[in-house]
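Next come the chains, spelled out residue by residue.
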Amino acid sequence: ITSHDRPWRPDAETGKEVWRADFREMFETVGQTFGFVCSPLVDGGFVYVQTSGGLVKLNCETGEIAWRSLKEAGGMMGGAFSSPMLATLAGTRQLVIQTRAKLCGVNPDSGEELWSVAIPSFRDMNILTPTIIGDQIFTSSYGGGALMYEITKTDAGWQTREVWKNQTEAYMSSPVVVDGKIYLHLRNRRFSCLDPASGESLWRTTPYRDWE
């Protein structure tokens, strides 16, 4: 959870529930197979969640829906896995979202989609939360590969450029950047370190053992 500007504090002294939002009831959607998966993002008195086939912004104090954006069919799993991120790309503060089908930037005030690019994956299982590196975004899809995109804005509008792509398949946990290198957990039970400039694999471990 990330908090900026005006942190919201529930009734921590009594544990009293302040409000509740039932997304299935509000949007008449089915329950997600894996339940509520994304981590909520709190910013400026609002909470952003990706659930029930869309991105939703709620008022922290009242639970009132400010807007719903990026609506898409729920697919096999009934909702998205990835968590929303806040970033400043090409000088513009925005939400970075990976839905079941695409990676996109969203205006946090209006919910307007600023730009998007398709991220194909096995059965629309885009699981990772995008990794922001300057004006570039790294992601890796389940059954797809690893991708680095550069986001720019010109007089003609927003542009996305594929910087590189390889066959690295990350699995479940989101990558981290340490000392300018990307570290990620792979689908084939390995860990890997990638060069963010080229996508080159700097090292990869041997498989660790299966769960018993």
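Our structure is the block above this text.
Attention here is on the structure that accompanies the text. Since this is a predicted model, take the numbers as computed values, not measurements.

Focus: the sheet that holds strand 15 (residues 191-194)
Through backbone hydrogen bonds, the strands of a sheet pair up, either in parallel or in antiparallel fashion.
Alright, step 1. With respect to topology, four strands assemble into an open sheet ordered 13-14-15-16, the strand pairing being antiparallel. Looking along the sheet, the strands with just one partner apiece sit at the ends: strand 13 (176-178) and strand 16 (201-204). For this sheet the average axis-to-axis angle between neighbouring strands, irrespective of direction, equals 25 degrees.
Alright, step 2. Strand direction decides the pairing type here: strand 15 and strand 16, joined by three bridges, are antiparallel. Bridge pairing in strand 16 links Cys 193 to Trp 203.

Brief notes about the sheet that holds strand 9 (residues 131-133)
Alright, step 1. Here four strands make up an open sheet; going across it, the order is 9-10-11-12 and the pairing antiparallel. For this open sheet the edge positions go to strand 9 and strand 12 (157-166), each flanked by a neighbour on one side alone. Neighbour-to-neighbour, the strand axes of the sheet open up by a mean angle of 25 degrees, direction not taken into account.
Alright, step 2. As paired strands, strand 11 (residues 146-154) and strand 12 are joined by nine bridges and run antiparallel to one another. The residue of strand 12 that forms the bridge with Thr 152 is Gln 159.

Examining the nonpolar core
Alright, step 1. Ala 87, Leu 89, Val 96, Leu 103, Trp 115, Val 117, Ile 119, Ile 137, Leu 147, Tyr 149, Ile 151 and Trp 158 together form the largest nonpolar core, which totals 12 residues.
Alright, step 2. Elements with a minimum of two residues in this core: strand 5 (85-89), strand 8 (113-118) and strand 11.
Alright, step 3. By residue number, the principal contributor to this core is strand 11, which donates three residues.
Alright, step 4. Excluding its chain neighbours within four sequence positions, the residues that come into contact with Val 117 are Lys 102, Leu 103, Tyr 149 and Thr 160.
Alright, step 5. Among the nonpolar cores identified, the runner-up in size contains 10 residues, and Phe 138, Ala 146, Trp 164 and Leu 184 belong to it.

Focus on a nonpolar patch on the surface
Alright, step 1. Together, Phe 191, Leu 202, Trp 203 and Tyr 208 make up a nonpolar patch on the protein surface, roughly 370 Å² of accessible area in all.
Alright, step 2. Considering the arrangement of structural elements, one finds Leu 202 in strand 16.
Alright, step 3. Relative accessible area serves as the criterion here: at 37%, Leu 202 is assigned to the partly exposed category.

Some details on the packing of aromatic side chains
Alright, step 1. The final tally for this structure, using the stated rule, is six aromatic pairs.
Alright, step 2. Between Phe 23 and Phe 27, the aromatic rings sit 6.2 Å apart at their centres with planes inclined by 15 degrees, giving stacked as the arrangement. Of this pair, Phe 23 and Phe 27 both sit in helix 1 (residues 23-27), four residues apart, which is roughly one turn of that helix.
Alright, step 3. A ring pair is formed by Tyr 183 and Trp 203, whose centres lie 6.0 Å apart and whose planes are at 50 degrees; its orientation type is tilted. Of this pair, Tyr 183 sits in strand 14 (residues 181-185) while Trp 203 sits in strand 16, placing them 20 residues apart in sequence.

Some words on the side chain of Gln 98
Alright, step 1. Following the sequence through the fold, Gln 98 ends up in strand 6 (residues 92-98).
Alright, step 2. Contacts of Gln 98, omitting those with residues within four sequence positions, involve Gln 50, Ser 82, Leu 103, Asn 126, Ile 127, Leu 128, Pro 130 and Thr 139.

Quick notes on the environment of Pro 120
Alright, step 1. Along the chain, Pro 120 turns up in the loop between strand 8 and strand 9.
Alright, step 2. Judged by its relative accessible area of 61%, Pro 120 is exposed.
Alright, step 3. Among residues more than four places away in sequence, those in contact with Pro 120 are Ser 141 and Gly 144.

Describing the pairing of strand 11
Alright, step 1. Here strand 10 (residues 136-140) pairs with strand 11 via five bridges, running antiparallel. By the bridge assignment, Gln 136 is partnered in strand 11 with Glu 150.
Alright, step 2. Hairpin connection from strand 10 to strand 11: five residues lie between these consecutive antiparallel strands, with Gly 143 at a positive phi of about 80 degrees.
Alright, step 3. Taken together, strand 11 and the strand that follows it, strand 12, pair antiparallel across an intervening segment of two residues.

A look at unusual backbone geometry
Alright, step 1. Even without glycine at this site, Glu 28 takes up a positive phi of about 55 degrees.
Alright, step 2. One can find Glu 28 in the loop between helix 1 and strand 1 (41-43).
Alright, step 3. Classification of Glu 28 by relative accessible area gives exposed; the value is 74%.
Alright, step 4. If you check the backbone angles, Ser 52 has positive phi at about 50 degrees while not being a glycine.
Alright, step 5. With respect to the element layout, Ser 52 can be found in the loop between strand 2 (46-50) and strand 3 (55-59).
Alright, step 6. Given the relative accessible area of 4%, Ser 52 is considered buried.

Calculation notes
- Residues numbered from 1 in each chain as written.
- Predicted model: local features only at pLDDT ≥ 70, side-chain atom pairs only at ≥ 80, totals over all residues.
- Heavy atoms only, no water.
- Pairing = 2+ DSSP bridges.
- Helix = DSSP H or I, 4+ residues; strand = E, 2+ residues; numbered from the N terminus.
- Axes fitted to C-alpha atoms, helices over the stretch in contact; angles between N-to-C directions.
- Core = buried A, V, L, I, M, F, W, Y, C linked by side-chain atoms within 4.5 Å.
- Buried < 20%, exposed > 50% of the residue type's maximum accessible area, 1.4 Å probe, protein only.
- Contact = heavy atoms within 4.5 Å.
- Patch = residues over 30% accessible without salt bridge, like charges linked within 9 Å, V, L, I, M, F, W, Y side chains within 5 Å.
- Areas by Shrake-Rupley, 256 points an atom, 1.4 Å probe, with all protein chains shown as cover.
- Salt bridge = Lys/Arg side-chain N within 4 Å of Asp/Glu carboxyl O.
- Phe/Tyr/Trp six-rings, centres within 6.5 Å; stacked < 30°, edge-to-face > 60°.

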